[in-house]
Amino acid sequence: MNGAVFGLTQQHISEDHSACVFERKKDPDGLYVAPADILWTTARDGVVRLRMEEMGPASELPVTTVQMFQDTVQYYGNHPAMAVKRDGCWKTTTYLQYYQQCRAAAKSFLKLGLERFHGVGILGFNSPEWFVADVGAIMAGGLAVGIYTTSSAEACQYVAENCEANILVVEDHAQLLKILQIQDRLPHLKAIVQYCGELQIKRPNLYTWKEFMHLGKDISDFELNDIISCLKVNQCCTVVFTSGTTGLPKGAMLSHDNVTWMAKTFGKHYGFREKEVILSYLPLNHVGGQLYDIWLPMCFGGTTYFANPGALKGSLIPVLKEVRPTIFFGVPRIWEKIQEAAEGMARSSSVNGNVSTPIQSLYADSPSLQTIKAGLGLDRCTRLHTGAAPIKKETLDYFMGFNLYLMNVYGLTETMGPYMLPSQSNLRITSCGKALSGCKTRIHKPDKNGVGEVCSWGRNIFMGYLNMEEKTNDVLDEDGWLHSEDLGRFDEDGFLYITGRLKEIVVTSGGENIPPIPIENAVQKELPIISNAILVGDQKKFLSMLLTLKCTVDAATGKPQDYLTEEVIQFCQQLGSGVTRVSEIVNSKDPAIYNAIHTAIQRVNQKSASNAQKIQKWTILKRDFSIAGGELGPTLKLKRSFILTMYEECIEELYKA
């Protein structure tokens, strides 16, 4: 095969891109498919049967991630693929340059000894180098494996061992130090690459990004092209580890077909247009970050802008204002923070009325509200998505007041991200909508109210958990249906509503099964000063609740501070209290604040379905939850089991006679 077919240069990209045509080496049956008759595997080099249908989206021709990339280069070669701010200026990379850099990285991985189906672990914040390392690892026949930046050295070791990583790519010196602590315990590790800053220490097989990108210069295009030609659509290309909020992280193996079919089908459903603008800020080792930031733009010729590492610590709004994305995905806590920023802008603008309540759509096109939308950086957004955790109806209602419709999508790591999704023309508040065409959903063992476990089937369903046969058998039944452990129900028109988690159900000593989320949301609705409300009472005689107050956050570390937010201070002043710190309220058990909380919880209790669902006791914790404190996962999801263990003594105090 001609090396230039895969090794594109500028001369292959004409103005109308029509001159660039890929000749693909095919298997005898005309597809890049390895023979397989099983639906799941736990082996790194395993193959699975494609879940193809005879008609519709699920019947479409499968392609590898590299083939999808090549198609995009053919049509959008000169269009910006990535943009990052360096030295105060936005620097862009075209799709052609991106593709060439991935090939160079792939060659360097091969030079360093990357073996087929062995991992390339990536530990760092979102950046062009992260993308290039990820795609380059796949091109070279390895497995791309992201590692949470908040992971301890031991957690990094767990992931690297699990995927038998040959190379680890780290962001900076701080992340490098984690790996150096465990390097001797990783027998498969051959090299480490640092992609930001100069090396502060010198060691064998430790490289800067610049050094790394030149290592593979003597690897020929022919050698790399042969490896690319051997990639199969039904083999693993990336491993996404779960966050470990309910136990040890599990490595979900995703095939080329999982990735490319999902990107294409999801994008088509939502009408993703050419050259969309995406802001990358959520962890890239999370499946949502990968789908939205890497694969959707690659499929449709979009441009991904990278936020700075402090985005989740408070600097998200400024970069949103700069980038003005056309599509934005945020987890519920991000939307709550954006809502707080909008309310602050509204208080200082000419918008009248109570800005804590939804603003009527009648005024959504007023100059003041348009100014607020622009101030949030959402004035160009045509699609706004939320997912990864339940979102409050009040948050959805609030943004609807700006004509900003948050699409509540639903999916898992094991489904290659969101596969249940509504549309703006067919929106039902709090519903996750319906399954993508080509996917199937059913409720397993529904109760009298139609609530049961959500199960799914389709070409988006993962291959299995790496090296975890028992865990894979737990979630994939004998017919190949994925069991989510999420509880949900369908309405009369087939719209899905998620009602809770099987493992999060509180079972009292009296045998009452109580979903915590509706009660927690009700308390937060009654008390806007509350940041977190955690229902406890498993195997107890009655329910109690842990509360945290909204406070300021250290922008550098993301740690909660003792200072109350302006919103909370104003609330306290209205009650006649002059407190400004969390500690002042907790230490003195401020009567005005405690009485207000007691009254609000009584209002919630009055609406309870039964006495068993009433909150009998509660306490305010000394600090808010955070990633740094361990109560929140990397995507800001509550780690309930961790919280219950961490505050065990506090909980026991609530149940003393």
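Located above this text is the structure these notes cover.
Report on the accompanying structure.

Each value, and the rule that gives it
Residues take numbers from 1 onward in each chain, read along the sequence in its written order. Given that this is a predicted model, residues contribute local features only at a pLDDT of at least 70 and side-chain atom pairs are listed and counted only at 80 or more, while totals for whole chains, interfaces and linings are drawn from all residues. Side-chain descriptors were evaluated using all non-hydrogen atoms of the structure, hydrogens and water having been removed beforehand. We count a stretch as a helix when DSSP gives it H or I for four or more residues in a row; a strand needs E for two or more, and each element gets its number in order from the N terminus. With C-alpha atoms as the basis for the radius of gyration, the globule rule is written as 2.2 Å multiplied by the number of residues raised to the power 0.38. Throughout, exposure labels follow a simple rule: accessible area from a 1.4 Å probe, protein chains only, divided by the maximum for the residue type, with under 20% read as buried, over 50% as exposed, and the rest as partly exposed. Contacts are residue-level and defined by heavy atoms, with any inter-residue pair within 4.5 Å sufficient. Residue-level accessible areas treat just the shown protein chains as cover; the underlying method is Shrake-Rupley with a 1.4 Å probe. As used throughout, the charge tally considers Lys and Arg to be positive and Asp and Glu to be negative, leaving His and the chain termini uncounted. Where a charge sits is defined by one atom per residue type, namely NZ (Lys), CZ (Arg), CG (Asp) or CD (Glu). Definition used in this section: a nonpolar core is a set of buried Ala, Val, Leu, Ile, Met, Phe, Trp, Tyr and Cys residues joined via side-chain atoms within 4.5 Å. Two rings belonging to Phe, Tyr or Trp (six-membered ring only in the last case) form a pair when the distance between their centres is within 6.5 Å. Interplanar angles under 30 degrees mark stacking, angles over 60 mark edge-to-face geometry, and anything in between is tilted. In short, DSSP must find at least two bridges between two strands for them to pair. Throughout, an axis means a line fitted to C-alpha atoms (over the contacting stretch in the case of helices), and angles, computed between N-to-C directions, take values from 0 to 180 degrees. By definition here, a salt bridge exists when the distance from a side-chain nitrogen of Lys or Arg to a carboxyl oxygen of Asp or Glu is within 4 Å. Between the first and last residue of a helix there are one fewer steps than residues, each counted as 1.5 Å, and that sum is the expected span. Roughly parallel covers angles under 35 degrees, roughly antiparallel covers those over 145, roughly perpendicular covers 65 to 115, and oblique covers all other angles. Note: crossing handedness is left-handed where the near helix turns anticlockwise from the far helix by less than a right angle, and right-handed where it turns clockwise. In the scheme used here, Gly and all other residues not listed as nonpolar or charged are polar, with Ala, Val, Leu, Ile, Met, Phe, Trp, Tyr, Cys and Pro taken as nonpolar and Asp, Glu, Lys and Arg as charged.

Turning next to the overall build of the chain. In terms of regular secondary structure, the chain is built from 21 helices and 29 strands. For the chain, whose C-alpha radius of gyration is 25 Å, the value lies close to the compact-globule estimate of 26 Å for 657 residues. Taken along the three principal axes of its C-alpha coordinates, the chain extends 80 × 55 × 55 Å. Here the chain holds 657 residues, and 57% of them are scored as buried. Intrachain contacts of the chain at a sequence separation of at least 6 include 66% that bridge at least 24 residues. For the chain, the computed accessible surface area is about 27,200 Å², with 50% contributed by carbon and sulfur atoms. Separation of charge centres in the chain, based on 65 positive and 70 negative side chains, amounts to 3 Å.

Time to look at the nonpolar core. Ranked by internal contacts, the top residues of the largest apolar core, which has 164 residues, are Phe-69, Tyr-98, Phe-109, Val-169, Trp-295, Phe-328 and Ile-338. Ignoring any residue separated from it by four or fewer positions in sequence, one finds Phe-109 in contact with Leu-114, Val-120, Ala-133, Gly-136, Ala-137, Ala-140, Ile-167, Val-169 and Phe-212. Counting residues in each nonpolar core, the second largest holds 33 residues, with Leu-543, Met-545, Ile-585 and Trp-618 among its members.

Here we take up the packing of aromatic side chains. Applying the stated criterion across every chain yields a total of 26 aromatic pairs. Judged by centre distance (6.4 Å) and plane angle (75°), the rings of Tyr-158 and Phe-241 are edge-to-face. Pair noted here: Tyr-158 is in helix H5 (residues 153-162) and Phe-241 is in strand S8 (residues 236-241), with a separation of 83 residues, a long-range link. When the ring of Tyr-281 is compared with that of Phe-328, the centres are 5.3 Å apart and the planes differ by 10°; the resulting orientation is stacked.

In sheet architecture, strand pairing relies on hydrogen bonds along the backbone and comes in two forms, parallel and antiparallel. Strand order across the open sheet formed by four strands is S18-S19-S21-S22, with antiparallel pairing between neighbours. The open sheet has two edge strands, strand S18 (440-444) and strand S22 (496-501), and neither has a second partner. The average undirected angle you get between the axes of adjacent strands in this sheet is 50°. Where strand S19 (residues 452-457) meets strand S21 (residues 482-490), four bridges bridge the pair, whose relative direction is antiparallel. The residue of S21 that forms the bridge with Gly-452 is Gly-488.

Right, let's get into the sheet that holds S8. The sheet built from eight strands is open, its strands ordered S7-S6-S5-S3-S4-S8-S9-S20 with mixed pairing. Only two strands of the sheet have a single neighbouring strand rather than two, namely strand S7 (206-208) and strand S20 (464-465). One ladder, built from four bridges, connects strand S5 (residues 167-170) with strand S6 (residues 191-194); its direction is parallel. Opposite Val-169, over in S6, you have Val-193 as the bridge partner.

The next subject is the pattern of salt bridges. The final tally for this structure, using the stated rule, is 30 salt bridges. Asp-87 serves as the salt-bridge partner of Lys-91, at 4.0 Å between the closest nitrogen and oxygen. A residue is classified by how much of its surface remains accessible, and Lys-91, at 42% relative accessible area, is partly exposed. Relative accessible area serves as the criterion here: at 75%, Asp-87 is assigned to the exposed category. Here Glu-336 ties to Lys-392 by a salt bridge, and the two come within 3.6 Å at their closest N and O atoms. Highlighted residues: Glu-336 in helix H12 (residues 332-347) and Lys-392 in the loop between strand S13 (383-386) and helix H14 (393-400), separated in sequence by 56 residues. Taking relative accessible area as the criterion, Lys-392 reaches 14% and is therefore assigned buried. Look at the salt bridges and you will find they share partners, linking Glu-60, Lys-264 and Lys-268 into a network.

This part is about helix H10 (residues 287-300). Along its 14 residues, H10 runs 18 Å from first to last C-alpha, staying within 8% of the 20 Å computed at 1.5 Å per residue. Counting buried positions over the 14 residues of H10 gives 14, a clear majority of the element. Of the residues trailing H10, Gly-301 is marked for its positive phi of about 70°.

All right, on to the environment of Ile-534 then. Within the secondary structure, Ile-534 is located in strand S25 (residues 530-536). Separated by 21 residues in the primary sequence, Ile-534 and Asn-513 have C-alpha atoms spaced 16 Å apart. Beyond its immediate sequence surroundings of up to four residues, Ile-534 is in contact with Glu-520, Ser-544, Met-545, Leu-546, Phe-625, Leu-638, Arg-640 and Ile-643.

Here the focus is the packing of helix H4 (residues 128-139) against H10. Between H4 and H10, the least distance of the axes is 12 Å, while the angle of their chain directions is 65°. In terms of orientation, H4 lies roughly perpendicular with respect to H10. With respect to the hand of their crossing, H4 and H10 are arranged in right-handed fashion. Contacts between H4 and H10 involve Trp-130, Phe-131, Asp-134, Val-135 and Ile-138 from the former and Gln-290, Asp-293, Ile-294, Trp-295 and Met-298 from the latter. Among the residues forming the contact of H4 with H10, the class breakdown is seven nonpolar, one polar and two charged.

Here we take up the pairing of strand S3 (residues 119-123). Counted residue by residue, S3 has five buried out of five residues, so it is predominantly covered. In the sheet, S3 pairs with strand S4 (residues 143-147) via five bridges, with the strands oriented parallel. Opposite Gly-119, over in S4, you have Leu-143 as the bridge partner.

In short, the description is geometric, and any link to function would need to be established separately.
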